[in-house]
Every structure is written in C-alpha cells, then in structure tokens.
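Observations on the three-dimensional arrangement
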Amino acid sequence: FYLLSRYEEYLPHQKDKHSRYPPEESILYKNGWLQRPLVDEWVSEFRLMLEEALNTGLPKPKYKYLPTYDIDIAYSHIFKGIARIAGAYLKALMRGDISQINERTQVLKKKKQDPYDSFSWLRKQHTEYGYKPVYFILCAQKTSAFDKNISPYHPAMIRVMKQLAKDGATGIHPSYYATAPNIISREKSILQEATGREVTFSRQHYIKVSLPATYQLLLQNNITDDFTMGYGSQLGFRAGTGSSFLWYDLTNECTTALLLHPFCFMDTTAHYELGLSAHEAFEQLNDMNDILLKTGSTMTTVFHNFSLGTAPEWAGWAPAYQSWLQQLSGMKKAVMHDNR
C-alpha cells in the first residue's frame, strides 16, 4: 500500500528543478531496490504460498511488453518556421558547428532525411515483431524552452498524428505549463480532431507529476489511463511494480477510476541523466525485464522518435532497440509454442 499509493510523495520533500518528486527521496532508491519490482515479487511469492497451502495451482499472470513513445520534438530541422530556422543557424554558427549547418542545409533542401524522422522505421519494427505501441503527442499551442515541437496546427504535424494513430494508440502529452484544466482540454481536442479518435490516454511531459493535483486534473479531463508512473532522472520502478493499478487518492481516501501504467525505462534518462551508452542502458533494461518475466508482470519502455533516428548523439540506439524487439519477439514465440 505504501508503494502503490505513493504515500511517501505526500510527505514533506524537496522537489527537483522541474517541481517533481526526486527518486533519491524514495525508500526504494535509498535501499538500492529501485530496479526491483518488489510488489510484483511479493505478489508472486504470495501466490506460491497459497498454492502450497491450498495444494492447488493458481493462474499466473502473463508477462507482456508495451512499447510507448513520446513525440515532443517530431523534427529537428524542418517545419520550424523562418524565425526558428534562422535562430538555429545562428546558434550553430556561433558554436562553429559546421557539420550541423551542413546537415540542416541538406535536410532543408530535401537531399537528406530529417534526423529525428524515425516514424516509418518504427512502423516497420512494430509490424515485423507484432507490437501495438502507444504514442504520446505534444500539442502545445505555444513554443517554450520546454515545449519545442512544431505547431500542432501545421499540416506536417497533423500528418504525423494521423500516421501514428494508424500504427497504434495515441495519447496526449500535456505541455510543460499545462497546469489548468482548460489547457489540457484544448490540447486534447487538437489531438482528437487530428486523429478522429477520442483521447483517454496521457503521459506528463518531463514526467511532471505532483500528487494529488496532477491526477485530479487528469480525471477532470476524462483521462482514464495515465502512463507517467516512473522517474525522469533514474531508471526503475517508482511504485515498485510493472503492473497497472488504479490510483488511490490518499487525500480523499478512495480508489479512483484512473488506471496507472508504470514504466521503468526511458531513453533520455539513460542517455542524458545517467550518461549510459546504448549497450549499458539495454543491459540494465534486460536485468529488469528478467524479473518481470519471472513474476508475470508488464515491461513498459519510453522512447522518443529522435533517439531512434539518425542523430549522431544517438548513434547505436536504433540497432540496439531493434535487437531488443527481435529478442522479445523470439521469447514470445517460444512461450506460445510451449503453451500448445
């Protein structure tokens, strides 16, 4: 209950620079258990105890993998507008970054694909390995230091939203400053209008969750499923589980209708916050996945389109991710064969 209710996040603590609960404050981090889904392990052991006590077999939960993606910067160079493109050129020139100037020029002249455009590649992977992803799309109406996507009204962005809706489920990625019901409502409407689908999924941009306010805000906007239960600065299980569970509102002492879907791995956390290489990151991902396999829980990952594109700083990540999907697909086929 302590872990799933996020009881510790209601206690006094020092928030980080993005006004988030820091993982370093958590009991799991302090005891070195953050990358262990303790709740899943305990439930699994309890099931075994019941089987022994009752002298009968009980159904074991089935492991599954859910790939999710945050689309908060759809393109690196194109569709940014004259002012933003000119500013990017000026910054690169001041840094003496000739390679970026050349790359940007080639992309704008349509001689080279935008380095963040991995959308077709992702669709191919999902088709080949049999996965239905969830995409969370930033529909901020204004550009800010933290909201850098192209305008959600731009034909190119509308086209991306429509394409992603054909590949999997889509959810809203509320903008950094979306702390009022009307802002989320408008951003949600933009996504619904573009995809022609009702939006009930959400993941907070920058993993900004403040309990209980954030979840109460989502419920006010008819969000039924939230995928923000994880940390932005550490890998691991924020609530001690990979399994979905209903949010318990401690302030009102009641179980709500908001279903939380935890994640334990995000590419930007591994790369930017922890400085891991693709190889090191996927080693840690595999370790966490092994435990989830044993307990019959869910592995949910968060990737961005830009980490799986052709940007030099993300070299090696796309091949590593493809190998990961191939590995999981092989395991899934083996399980299906054993169950025959």
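Please read these numbers as outputs of a predicted model, since none were measured by experiment.

1. A few points about the nonpolar core
Core analysis: the largest hydrophobic core is formed by 63 residues, its most contacted members being Ile71, Ile137, Tyr215, Phe265, Trp317, Tyr321 and Trp324. Of all the elements, helix α10 (residues 278-295) adds the most residues to this core, at six residues. Apart from residues lying up to four places away in sequence, Tyr215 is in contact with Val209, Asp226, Met229, Trp247, Leu258 and Leu260. Ranked by size, the runner-up nonpolar core spans seven residues in total, among them Leu3, Leu28, Leu34 and Leu38.

2. Side note on helix α7 (residues 181-195)
Between its first and last C-alpha, α7 extends 21 Å over 15 residues, near the 21 Å set by a 1.5 Å rise per residue. Against β2 (134-137), α6 (155-167), β3 (169-172) and α8 (213-220) lie the buried residues of α7. The positive-phi residue at the C-terminal boundary of α7 is Gly196, with phi of around 75 degrees.

3. What to know about helix α5 (residues 119-129)
Here α5 has its buried residues at Phe119, Leu122, Gln125, His126 and Tyr129. One face of α5 carries all of its buried residues, which in axial projection span an arc of 120 degrees. Along α5, exposed side chains directed more than 90 degrees from the buried face belong to Lys124 and Thr127. Immediately downstream of α5, the backbone of Gly130 shows phi near 75 degrees, a positive value.

4. Concerning the pattern of salt bridges
Tallying each qualifying case throughout the model produces eight salt bridges. With its nearest N and O atoms 2.9 Å apart, the salt bridge here joins Asp16 to Arg20. Judged by relative accessible area, which is 23%, Asp16 ranks as partly exposed. The residue Glu193 makes a salt bridge to Arg186 at a minimum N-O spacing of 3.6 Å. Look at the salt bridges and you will find they share partners, linking Arg6, Glu8, Glu9 and Arg238 into a network.

5. Concerning the pairing of β2
Neither face of β2 is exposed, since Val134 and Phe136 on one face and Tyr135 and Ile137 on the opposite face are all buried. Two strands pair when backbone bridges link them, and strand β1 (residues 64-71) and β2 are joined in this way by four bridges, in the parallel orientation. The residue of β2 that forms the bridge with Ile71 is Ile137. As paired elements, β2 and β3 share four bridges and run parallel to each other. Along β3, the bridge assignment pairs Ile137 with Ile172. Note on the crossover from β2 through α6 to β3: the handedness is right-handed.

6. Overview of a negative patch on the surface
Together, Glu280, Glu283, Asp287 and Asp290 give the surface a local cluster of negative charge. By the secondary structure assignment, Asp287 is in helix α10.

7. Observations regarding the packing of aromatic side chains
Counting across every chain of the model gives 25 aromatic pairs. Ring geometry for Phe1 versus Tyr248: centroids 5.3 Å apart, planes at 70 degrees, classification edge-to-face. Here Tyr248 lies in strand β6 (residues 245-249) and Phe1 lies in the segment before α1 (27-30), a separation of 247 residues in the sequence. Using a relative accessible area of 60% as the deciding quantity, one classes Phe1 as exposed. With 5.4 Å between their ring centres and 85 degrees between their planes, Phe146 and Tyr206 make a pair best called edge-to-face. Here Phe146, found in the loop between β2 and α6, pairs with Tyr206, found in the loop between β4 (201-202) and α8; they are 60 residues apart in sequence, far enough to count as distant. Classification of Phe146 by relative accessible area gives partly exposed; the value is 25%. A cation over an aromatic ring shows up here: Arg203 above the ring of Phe263, its NZ or CZ 5.8 Å from the ring centre. When the ring centre of Tyr176 is taken as reference, the NZ or CZ atom of Lys208 above it lies at 3.9 Å.

Reading the values: rules and limits
Residues numbered from 1 in each chain as written. Predicted model: local features only at pLDDT ≥ 70, side-chain atom pairs only at ≥ 80, totals over all residues. Heavy atoms only, no water. Core = buried A, V, L, I, M, F, W, Y, C linked by side-chain atoms within 4.5 Å. Buried < 20%, exposed > 50% of the residue type's maximum accessible area, 1.4 Å probe, protein only. Helix = DSSP H or I, 4+ residues; strand = E, 2+ residues; numbered from the N terminus. Contact = heavy atoms within 4.5 Å. Expected span 1.5 Å × (residues − 1). Arc of directions from axis to C-beta. Salt bridge = Lys/Arg side-chain N within 4 Å of Asp/Glu carboxyl O. Pairing = 2+ DSSP bridges. Right-handed = clockwise from strand over helix to strand, strands pointing away. Patch = residues over 30% accessible without salt bridge, like charges linked within 9 Å, V, L, I, M, F, W, Y side chains within 5 Å. Areas by Shrake-Rupley, 256 points an atom, 1.4 Å probe, with all protein chains shown as cover. Lys, Arg positive; Asp, Glu negative; His and termini not counted. Charge placed at Lys NZ, Arg CZ, Asp CG, Glu CD. Phe/Tyr/Trp six-rings, centres within 6.5 Å; stacked < 30°, edge-to-face > 60°. Lys NZ or Arg CZ within 6 Å of the ring centre and 35° of its normal.

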